[in-house]
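Structural features, examined
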Amino acid sequence: MHKTWNILYRGPLSSCNYSCHYCPFAKTKNTREELATDAQKLIQFQNWVKHRSERIGILFTPWGEGLIRKYYQQAMTALSHMNNVYRVAIQTNLSCGVDWMDEVNKENFALWTTYHPSQLSLDAFLEKCHSLIEKNIRFSVGTVGLKEDLDVITQLRKRLPSSVYLWVNAYKRETDYYEQEHLKRILEVDPLFHWNNQRHESLGKPCRAGSTTFSVDGDGNMTSCHFIKDKIGNIYHDNFEETLQPKLCSNTTCGCHIGYVHLQELEQDKIYGDGILERIPLV
């Protein structure tokens, strides 16, 4: 039986068509040359995946918005049809068109979508979601749990089908940001919110990151995860597989979903199964 690898890929793309004030990433305007470089690196990664024998899941976590770029749409479509890829997903604001998704392998394709109330009306976002449902696209929906947005978040939950998981990311920039009434409202929307509304102690604890899960940048450089910057190898160099061994976390805490879901003691794999990359729980 082939090994399973979950890979978080983040190339140099940094431009976004949204300007959310809470976004932790510094947005830039990519030049045409920078976009061409990003496309070339993405194609190189796509070709590398094609020639691997492992069972591979991929989550694209770009600094900017990838799906407004045709080359990202083409790469995801191609990857979804590869026999060794069990899942290809991307974090997206869903501002792209959706007709191209008619060509993807819907068994292996998924979207991690995020709603940004300051950038788009609820009606417009829901229209996109219903288009995905009509096309039988697998997706989760999420948003940042700002107190001023709780009314619209509640409406979003009411207007989405119950089969679509709506997650809420905790706003952690302010200590004790939520009062009990806020927590009650959010937990009614997202029963799994308590996992995100904390920083998990992780120092010295076993994690799948750096073993069966790892991060890759546009040059092929590997790190255990996005939050540990020590390079452990390069996928385009020989013998990189030797670096993929069980590891203990070197950070004091872990507070981001794409990190803590791989901490072994939290057993998040029992919650998400093969939906762990696109953030869709089993039930």
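Anyway, here's the lowdown on the structure attached to this text.

**Section: the nonpolar core**
Judged by nonpolar contacts, the single largest core of 67 residues is most densely connected at Phe-60 and Leu-111. Ranked by the residues each element gives to this core, the list is headed by helix α1 (residues 32-50), at six residues. In this structure Leu-111 touches Leu-67, Ile-90, Thr-92, Leu-94, Met-101, Leu-132, Ile-137, Arg-138, Phe-139, Ser-140 and Glu-278, once residues within four positions along its chain are discounted. Residues Leu-8, Ala-110, Tyr-272 and Ile-276 belong to the second largest nonpolar core, which totals 23 residues.

**What about the pattern of salt bridges?**
This structure, assessed with the given rule, holds 14 salt bridges. Here Arg-159 makes a salt bridge to Asp-123, at a shortest N to O gap of 2.8 Å. Pair noted here: Arg-159 is in helix α4 (residues 150-159) and Asp-123 is in helix α3 (residues 122-134), with a separation of 36 residues, a long-range link. Since its relative accessible area comes to 49%, Asp-123 is described here as partly exposed. Here Arg-185 makes a salt bridge to Asp-151, at a shortest N to O gap of 2.8 Å. Note that Arg-185 is positioned in helix α5 (residues 180-189) and Asp-151 in helix α4, a separation of 34 residues in sequence. By relative accessible area, Asp-151 is classed as exposed at 55%. Ionic contacts of the salt-bridge type, sharing partners, join the residues Arg-52, Glu-54 and Glu-241 into one network.

Rules used throughout
Residues numbered from 1 in each chain as written. Predicted model: local features only at pLDDT ≥ 70, side-chain atom pairs only at ≥ 80, totals over all residues. Heavy atoms only, no water. Core = buried A, V, L, I, M, F, W, Y, C linked by side-chain atoms within 4.5 Å. Buried < 20%, exposed > 50% of the residue type's maximum accessible area, 1.4 Å probe, protein only. Helix = DSSP H or I, 4+ residues; strand = E, 2+ residues; numbered from the N terminus. Contact = heavy atoms within 4.5 Å. Salt bridge = Lys/Arg side-chain N within 4 Å of Asp/Glu carboxyl O.

Just geometry here; none of it tells us what the structure is for.
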